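Given next are the chains, with one letter for each unit.
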Protein chains: 2
Amino acid sequence: MTRAFARLGNTTSLKSGIHPFPGQPVHNLILGGLPRREREAVAAKLQFIEFPTHCVLNEIAGPIRYGYFIDSGLASILNVTSEGKSVEVGLTGKEGFVGLPLIVGFDTSPTRAVTQIAGTAFRVSARDLKSLFRDCPQLLKLLHRYSQEFALQITQVAACNRLHRVDQRLARWFLMSQDRLGGSSFLLTQEFLSHMLGTRRASVTTAAGVLHKAGFITYRRGKVTIEDRAGLEKAACGCYASLTRQLKQWRGKPR
Amino acid sequence: MTRAFARLGNTTSLKSGIHPFPGQPVHNLILGGLPRREREAVAAKLQFIEFPTHCVLNEIAGPIRYGYFIDSGLASILNVTSEGKSVEVGLTGKEGFVGLPLIVGFDTSPTRAVTQIAGTAFRVSARDLKSLFRDCPQLLKLLHRYSQEFALQITQVAACNRLHRVDQRLARWFLMSQDRLGGSSFLLTQEFLSHMLGTRRASVTTAAGVLHKAGFITYRRGKVTIEDRAGLEKAACGCYASLTRQLKQWRGKPR
DNA sequence: AAAGCAGTGTACGTTACCGTACTGAATTTG
DNA sequence: CAAATTCAGTACGGTAACGTACACTGCTTT
């Protein structure tokens, strides 16, 4: 459990390009929710990047140099203990932003943010972000709202990690990932899942076996496929349902 | 584990009075951090209350009618699962505010907030709070900062609850409570601690026994006394240390 | 084709904690 | 003062998960 993040130490090859945003549609919901004026102001400071898997965006106790508006793929926010064990506390996909402490001017990260499924993002330097906040009230507002949503997610995951079995948590994880990614199969190893769930790799194998035998998923060498979503929802604990219910309720608010 | 919150259902006797703030000093750090103008504007909308223990401030999935600036005592933020089990995800004392979703306009609570140690607070209605936000940028700023601090707390607690033993978590809890309360003994039953830690009451007894035998605490019918804080810090896992380190680091920021 | 390796399956003794239940001591109530 | 109640301590069988280790199986590399 201790060594597997070793190769993540170096912030591996981020292919960055210059495209905010030439015609291509933007999937990120925060950027997408900005009024035109702010969107243009923000776009001027963004840098488009493609990230591979297992790339560290922010290191624990390290400086937060950039904020990331995830556009596709998936990033995990992990807490890493002094003994080197890790647990995922939150997942961020195209609905969100990585680097939340920046929105109140805190510039060190209490967590490790690591890309989980390869994808793309728009990144902005901490400095530029700060100056954008002066002119873009809606940007700030949306980020603060996302921050509350994210806190809700941590809250739910915290309880779930304490109270429920590995197979239930694994089911929840698949559901949450699918929500943020779309599609029904993604590439990830059990080794990595074990870091997310804060268990042994062997426990993930067993738990995946349970879900597999029930016909909900198939798993083959780093590729999981969700075969029966409804089944997974039954296999998961109530945490998934109450999380989505609350998110829906909040998002349904007039504004 | 299921029944113990029964009597909390009714929001028991909140003795409320009218004192924002006639001479008495205000301990709450958020209120205390406001510039005079804002402080007066806010004070006009506050109501002073004394709360007993085990009083529900916000119910899970319920409306958030009031925000509470805790002035003394302690409130816990709990997640309660559909099976009725509960885990504490955060603690709020005089440094904080209960009702965080309100600061972005969300008015239902994803968690249960319950008073843990009797004390006092200034409460403000959701409606008044909303209107205050228009004129009090510093209030909003301090609340947003607190929100990030609180998220950090959840993050740390989430990992701790997953990875560490009951006795370690119990030690952490005592330390966190003492930080927020001052003093070295507080009134609380093992039954309640079990809800906080998300374990059986019997496990709390055992864990408390460990800390007692080591000479760190004494426990007698609902009253714990911290006898050796340094010892407790060693008995706790690294979570407590890294939480306080990060908080200190953030709070030390120029602004 | 052989070798190497990453990823998965499985096993086994150990540990922490669970659910439950009963006891006794301290405190409150009648 | 006796009775009732609240709270802490303890016990016991059961279970989920742990640490560790090893074998198997597809891919990749040479």
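Owing to the predicted nature of the structure, the values given are computational and were not obtained by experimental measurement. (Residues numbered from 1 in each chain as written. Chains lettered and ligands numbered in written order. Predicted model: local features only at pLDDT ≥ 70, side-chain atom pairs only at ≥ 80, totals over all residues. Heavy atoms only, no water.)

Turning our eyes to something else, we now look at the protein's contact with DNA strand C. Around DNA strand C sit 20 residues in total, of which Gln190 and Gly222 of chain A together with Val166, Arg200 and Ser203 of chain B are the nearest. Near the protein, within 4 Å, the atoms of DNA strand C are sugar or phosphate in 50% of cases. A distance of 3.0 Å separates a phosphate oxygen of DNA strand C from a polar side-chain atom of Arg162 of chain A. Within the side chain of Arg201 of chain A, one N or O atom sits 2.9 Å away from a base oxygen of DNA strand C. Those elements that provide at least two residues to the surface near DNA strand C are α7 (201–213) of chain A together with α7 (201–213) of chain B. Looking at the surface near DNA strand C residue by residue, the classes come out as four nonpolar, seven polar and nine charged. (Near = heavy atom within 4 Å. Polar contact = N/O pair within 3.5 Å; in protein donor to acceptor, adjacent residues only side chain to side chain. Helix = DSSP H or I, 4+ residues; strand = E, 2+ residues; numbered from the N terminus. Nonpolar A, V, L, I, M, F, W, Y, C, P; charged D, E, K, R; others polar.)

A few words now on the protein's contact with DNA strand D. With respect to spatial proximity, 21 residues lie near DNA strand D, and among them Val166, Arg200 and Ser203 of chain A together with Arg201 and Arg221 of chain B are the closest. If you look at DNA strand D and keep only atoms within 4 Å of the protein, 53% of those are sugar or phosphate atoms. Contacts to DNA strand D include Gln190 of chain B, whose backbone N or O atom sits 2.9 Å from a phosphate oxygen. Contributing elements (two or more residues each) for the surface near DNA strand D: α7 of chain A together with α6 (190–197) and α7 of chain B. Across the surface near DNA strand D, the residue classes tally to four nonpolar, seven polar and ten charged.

Moving on: the relation of the copies chain A and chain B. Of the two same-sequence chains, chain A is brought onto chain B (RMSD 0.0 Å, axial shift 0.0 Å) by a rotation of 180 degrees. What the rotation and shift describe, once combined, is the action of a two-fold rotation axis. For chain A, the residue whose C-alpha comes nearest the rotation axis is Ala158 of chain A, separated from it by 2.1 Å. Residue by residue, 98% of the interface of chain A is reproduced at the interface of chain B, so both copies engage with the same surface. (Least-squares fit on C-alpha atoms with pLDDT ≥ 70 in both. Contact = heavy atoms within 4.5 Å.)

Residue and element names in this part refer to chain A. For chain A, the domain assignment lists domain 1 (3–160) and domain 2 (164–251). Placing the centre of domain 1 and that of domain 2 at their C-alpha centroids yields a distance of 23 Å. Taken together, the contacts link 26 residues of domain 1 with 26 residues of domain 2. Across the interface of domain 1 and domain 2, roughly 2300 Å² is buried in total on both sides, 65% from carbon and sulfur atoms. Of all residues in domain 1, Leu152, Gln156 and Cys160 bury the most surface against domain 2, accounting for 25% of the area lost on that side. In this assembly, domain 1 and domain 2 are joined by two salt bridges. (Domains from an automatic or database assignment. Buried area = accessible area lost by both parts, 1.4 Å probe. Salt bridge = Lys/Arg side-chain N within 4 Å of Asp/Glu carboxyl O.)

A word on unusual backbone geometry. Of note in this structure, Ala61 of chain A is not a glycine but carries a positive phi near 65 degrees. Within the secondary structure, Ala61 of chain A is located in the loop between β3 (56–58) and β4 (66–80). Given a relative accessible area of 59%, Ala61 of chain A falls into the exposed group. If you check the backbone angles, Arg221 of chain B has positive phi at about 45 degrees while not being a glycine. (Buried < 20%, exposed > 50% of the residue type's maximum accessible area, 1.4 Å probe, protein only.)

Attention now moves to the pattern of salt bridges. One pass over the full model with this rule turns up twelve salt bridges over all chains. Close ionic contact of Glu149 of chain B with Arg251 of chain B constitutes a salt bridge, the shortest N to O distance being 2.7 Å. On the criterion of sequence distance, the pair formed by Glu149 of chain B in helix α4 (residues 137–163) and Arg251 of chain B in helix α9 (residues 238–252) is long-range, its members being 102 residues apart. Ionic contacts of the salt-bridge type, sharing partners, join the residues Asp179, Arg229 and Glu233 of chain A into one network.

So, about the packing of α6 of chain B against α7 of chain B. All names here are of chain B. The contact between α6 and α7 brings their axes to 8 Å, and the two run at 100 degrees. As summarised for this structure, α6 and α7 are arranged roughly perpendicular, according to the angle between their axes. Where α6 approaches α7, its residues Gln190, Glu191, Leu193 and Ser194 are matched on the opposing element by Arg201, Val204, Thr205 and Ala208. Considered class by class, the residues forming the contact of α6 with α7 number three nonpolar, three polar and two charged. (Axes fitted to C-alpha atoms, helices over the stretch in contact; angles between N-to-C directions. Parallel < 35°, antiparallel > 145°, perpendicular 65-115°, else oblique.)

Right, let's get into the nonpolar core. Inside soluble globular proteins, nonpolar side chains tend to come together where they are buried. Membership of the largest hydrophobic core comes to 149 residues, with the highest contact counts inside it found for Phe69, Leu139 and Phe174 of chain A together with Phe69, Leu139 and Phe174 of chain B. Residue contacts for Leu139 of chain B: discarding those within four places in its chain leaves Ile30, Leu34, Glu38, Val42, Phe69, Leu129, Leu132 and Phe133 of chain B. (Core = buried A, V, L, I, M, F, W, Y, C linked by side-chain atoms within 4.5 Å.)

Residues and elements named next belong to chain A. The geometry of helix α5 (residues 166–181) relative to α7 is characterised by a closest axis approach of 9 Å and an angle of 75 degrees between their N-to-C directions. As summarised for this structure, α5 and α7 are arranged roughly perpendicular, according to the angle between their axes. Touching Val166, Asp167, Leu170, Ala171 and Phe174 of α5 are Ser203, Val204, Ala207, Ala208, Val210 and Leu211, all from α7. The residue makeup of the contact of α5 with α7, split by class, is nine nonpolar, one polar and one charged.

What follows covers the side chain of Thr155 of chain B. When you line up the elements, Thr155 of chain B lands in helix α4. Apart from the residues lying within four places of it in its own chain, the contact partners of Thr155 of chain B are Asn79, Val89, Thr111 and Ile154 of chain A.

Attention now moves to the interface of chain A and chain B. Each side of the interface is counted separately: chain A has 43 residues, and chain B has 42 residues. Taking both partners together, chain A and chain B bury about 3700 Å²; carbon and sulfur atoms supply 62% of that area. It is Phe106, Gln148 and Arg162 of chain A in chain A that bury the most area against chain B; as a group they hold 19% of the surface buried on that side. Between chain A and chain B we count zero salt bridges in total. Our enumeration of links across chain A and chain B arrives at 17 residue pairs in polar contact (both at pLDDT 80 or more). Broken down by secondary-structure element, the contributors of at least two residues to the side of chain A that touches chain B are β5 (86–92), α4 (137–163) and α9 (238–251) of chain A. Counted by class, the side of chain A that touches chain B contains 17 nonpolar, 19 polar and seven charged residues.

Residues and elements named next belong to chain B. Read from one edge of the open sheet, three strands run β8-β10-β9, paired in antiparallel fashion. Where the open sheet ends on each side, the last strands, each with one partner, are β8 (185–187) and β9 (217–220). Looking at each pair of strands side by side, their axes are set apart by 15 degrees on average, direction ignored. Taken together, the four bridges between β9 and strand β10 (residues 223–226) define a ladder with antiparallel strand orientation. When the sheet's bridge partners are listed, Ile217 is paired in β10 with Ile226. (Pairing = 2+ DSSP bridges.)

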